[in-house]
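# Structural description and commentary
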Amino acid sequence: MRLNPRNIKRMMFACVQCGQCLTACDTTQTDQGRTPTLEWKVGLDAVRETMRQRREEQR
Ligand code: SF4
């Protein structure tokens, strides 16, 4: 996808929440007639998703 959102060295190893991956996913999947697989979660939905992932990691 040739994304370059983390060009500042201290931000290279973490998501900076730029949203470029969502845009790229939407563009490529839509072009292929498919539904985008990435979805942005905010607020309570984001916390719920984080807790779900942590529970799965502990199993
Ligand atoms: S939002 Fe997506 S493209 Fe942007 S830094 Fe996070 S993972 Fe990378």
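These lines cover the structure that appears in this document, whether it is placed above or below. (Residues numbered from 1 in each chain as written. Predicted model: local features only at pLDDT ≥ 70, side-chain atom pairs only at ≥ 80, totals over all residues. Heavy atoms only, no water.)

## Examining helix α1 (residues 20-31)
Quick note on the threshold: Where helices and strands are cited, they refer to DSSP runs of H or I of at least four residues and of E of at least two residues respectively, numbered from the N terminus. By definition here, a helix of n residues has an expected span of 1.5 Å times n minus one. Think of it in three bands: residues with accessible area under 20% of the maximum for their type are buried, residues over 50% are exposed, and the middle band is partly exposed, with areas taken using a 1.4 Å probe on protein chains only. The directions considered for the arc are those from the helix axis to the C-beta atoms.
With 12 residues, α1 extends 16 Å between its outermost C-alpha atoms, agreeing within 8% with the 16 Å of an ideal straight helix rising 1.5 Å per residue. All buried positions along α1 are accounted for by Leu 22, Ala 24, Cys 25 and Gln 29. For α1, the arc enclosing every buried residue in end-on projection is 165 degrees, short of the 170-degree limit, so these residues lie on one face. Every exposed residue of α1 that faces more than 90 degrees away from the buried side is listed here: Thr 23 and Asp 31. The positive-phi residue at the C-terminal boundary of α1 is Gly 33, with phi of around 75 degrees.

## Brief notes about the environment of Asp 26
Within the secondary structure, Asp 26 sits in helix α1. Exposure remark for Asp 26: the relative accessible area of 38% places this residue in the partly exposed category. The sequence separation of Asp 26 and Glu 39 amounts to 13 residues, and the corresponding C-alpha distance is 9.4 Å.

## Regarding the side chain of Gln 29
The test is simple: In this description, contact between two residues means that some pair of their heavy atoms is separated by no more than 4.5 Å.
Within the secondary structure, Gln 29 is located in helix α1. If we skip the residues at most four places from it in the chain, Gln 29 touches Arg 34, Thr 35, Pro 36 and Thr 37.

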